[in-house]
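# Topology and contacts: notes
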Amino acid sequence: MREYREASREFHPDNTVVYVGPVPVGGQPIAMMVGPCAVESREQLVATAHAVRDAGFPILRGGAYKPRTSPYSFQGMHDQGLELLDEVRREFGLRVVTEVMSESDVDKVAAHADMLQIGSRSMHCQRLLEAIADAGKPILLKRGFHATIAEWLLAAEYILRRGNRQVALCERGIRSFDDEFTRNVLDLTAVQVAKRETHLPVIVDPSQGTGRADLVIPMAKAAIAAGADGLLIEAHPNPAAALSDSAQQIPTSELAHLRTEAELMARAMGRTLASGSGALLV
Ligand code: PEP
Ligand code: MN
């Protein structure tokens, strides 16, 4: 028996389906989570929500609390960002995924979001994993950028063993020796390994994974081919003006193209793209 007992397929042979509101993550349809790296203003978020909804994507992802390497970088809008996410959630009928960075914020963020994200830098914060598990919301668990696959699965185990079984894993790239052309190495092998080792859905984030907007759609398609159950894509109405991760956000004007490309690849894999009301036929 693996040390990640409850995460393992040995323990639970059938695929787990995580529900973000009505949207299934981990079944046949592929779940698209799309939105800005950070919530920056009402105008920016409303424009993004319009584009996300118009492209037919059911889940908006945006950060109110941003884990930044430098304390001088934009840290997110915090409470105001949560309020804005709540507003567009109601106005546009989208489901919302957003990050929790601190144990003391768990309840507040859980009150505004349909799914809670644990960021790459927080994957090792075990007290935070336990606190977030107890909030009873689905969780998107990003892989630490220097974490082994086993460490990532053991982080999931911290959540599962507290009785919260709604965990989706997220591969977002790992740090390696070559950062000349890409920010990270998007480890698509980890998608297959995680799917064989565990029963949990696996999401891929080609935005943090490459750090380059021009590589996002190609690697999104590669992720679907590798068996991903969903994609996390950063999109902004005006990426050049974005307050964080400017180089990797695709313009919202490209979301229709993203949808077409993702649908083509989904169809090749015998899958569809998830919508708010079940699976859209492609
Ligand atoms: C993000 O999703 O914007 C983010 C900061 O991701 P990560 O935790 O993977 O670096
Ligand atoms: Mn980002």
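Attention now moves to the coordination of the manganese ion (ligand 2). Distances from the manganese ion (ligand 2) to its protein donors, Cys37 (SG), Glu234 (OE) and Asp245 (OD), fall within 2.1 to 2.4 Å. Sequence positions of the donors to the manganese ion (ligand 2) reduce to the motif C-x196-E-x10-D. With Cys37 in the loop between β3 (31-35) and α1 (42-54) and Asp245 in the loop between β10 (230-236) and β11 (250-251), this residue pair connects regions lying 208 residues apart in the sequence. Of the residues examined, Cys37 reaches a relative accessible area of 2% and is grouped as buried. Asp245 gets classed as buried once you look at its relative accessible area, which sits at 17%.

Moving on, we get to the packing of helix α8 (residues 213-225) against helix α9 (residues 255-268). Interaxial distance between α8 and α9 falls to 9 Å at its minimum, and their mutual angle equals 25 degrees. Considered as vectors, α8 and α9 are oriented roughly parallel to each other. The two elements α8 and α9 cross, and the hand of that crossing is right-handed. For the pair α8 and α9, the contacting residues are Ile217, Ala220, Lys221, Ile224 and Ala225 in the first and His257, Leu258, Glu261, Ala262, Met265 and Ala266 in the second.

Turning to the pairing of β3, a few remarks are in order. Counting buried positions over the five residues of β3 gives five, a clear majority of the element. Residues Ala31, Met33 and Gly35 of β3 are buried on one face, and the alternating residues Met32 and Val34, pointing to the opposite face, are buried as well. Direction of pairing for β3 relative to strand β4 (residues 59-61): parallel, over a ladder of two bridges. Counted as the bridge partner of Met33 is Ile59 from β4. As a crossover connection, the stretch from β3 through α1 into β4 is right-handed.

All residues in the neighbourhood of ligand 1 are listed as Cys37, Arg61, Lys66, Gln117, Gly119, Ser120, Arg121, Lys142, Arg172, Gln208 and Glu234. Between ligand 1 and the protein, one listed contact pairs an oxygen atom with a side-chain N or O atom of Gln117 at 3.2 Å. Taking Ser120, its main chain carries an N or O atom lying 2.7 Å from an oxygen atom of ligand 1. Here ligand 1 has 290 Å² of accessible area as a free molecule, and 98% of this is covered by the chains. Of the pockets mapped on this structure, ligand 1 occupies the largest pocket. Looking at the shell around ligand 1, its residues break down into one nonpolar, four polar and six charged.

What follows deals with the pattern of salt bridges. Opposite charge on two side chains makes pairing possible when the charged atoms of those side chains draw close. Applying the stated criterion across every chain, the model contains 21 salt bridges. In this structure, Glu234 and Arg61 form a salt bridge, with 2.9 Å as the shortest nitrogen-oxygen distance. Linking Glu234 in strand β10 with Arg61 in strand β4, this pair joins segments that are 173 residues apart in sequence. Classification of Arg61 as buried rests on a relative accessible area of 2%. The structure contains a network of salt bridges with shared partners spanning Arg127, Glu130, Asp134 and Arg162.

A word on the environment of His50. For His50, the location among the structural elements is in helix α1. In the structure, His50 is positioned 42 residues away from Phe92 in sequence and 7.4 Å away in space, judged by C-alpha atoms.

To continue, consider unusual backbone geometry. Unlike most non-glycine residues, His78 shows phi in positive territory, near 55 degrees. As for its placement among the helices and strands, His78 is situated in the loop between β4 and α2 (79-92). For Asp245, which is not glycine, the phi dihedral falls at a positive 45 degrees.

This part is about the nonpolar core. In terms of nonpolar packing, the biggest core is built from 71 residues, with Met32, Phe57, Leu141, Trp152, Leu169, Leu255 and Leu258 touching the most fellow members. With seven residues, the single largest contributor to this core is helix α5 (residues 149-160). Look past the residues within four positions of Trp152 in its chain and what remains in contact with it is Met123, Leu141, Lys142, Arg143, Leu169, Cys170, Glu171, Ala190, Ala194 and Val202.

The rules behind the values
- Residues numbered from 1 in each chain as written.
- Chains lettered and ligands numbered in written order.
- Predicted model: local features only at pLDDT ≥ 70, side-chain atom pairs only at ≥ 80, totals over all residues.
- Heavy atoms only, no water.
- Donors = N, O, S within 2.8 Å, 3.2 Å for Na, K, Ca; no water.
- Helix = DSSP H or I, 4+ residues; strand = E, 2+ residues; numbered from the N terminus.
- Buried < 20%, exposed > 50% of the residue type's maximum accessible area, 1.4 Å probe, protein only.
- Axes fitted to C-alpha atoms, helices over the stretch in contact; angles between N-to-C directions.
- Parallel < 35°, antiparallel > 145°, perpendicular 65-115°, else oblique.
- Left-handed = near helix turned anticlockwise from the far one by under 90°.
- Contact = heavy atoms within 4.5 Å.
- Pairing = 2+ DSSP bridges.
- Right-handed = clockwise from strand over helix to strand, strands pointing away.
- Near = heavy atom within 4 Å.
- Polar contact = N/O pair within 3.5 Å; in protein donor to acceptor, adjacent residues only side chain to side chain.
- Areas by Shrake-Rupley, 256 points an atom, 1.4 Å probe, with all protein chains shown as cover.
- 1 Å grid on protein atoms, 1.4 Å probe; cavity = no way out; pocket = protein on both sides within 12 Å on 5 of 7 lines; lining within 4 Å.
- Sits in = over half its atoms within 2 Å of the grid points.
- Nonpolar A, V, L, I, M, F, W, Y, C, P; charged D, E, K, R; others polar.
- Salt bridge = Lys/Arg side-chain N within 4 Å of Asp/Glu carboxyl O.
- Core = buried A, V, L, I, M, F, W, Y, C linked by side-chain atoms within 4.5 Å.

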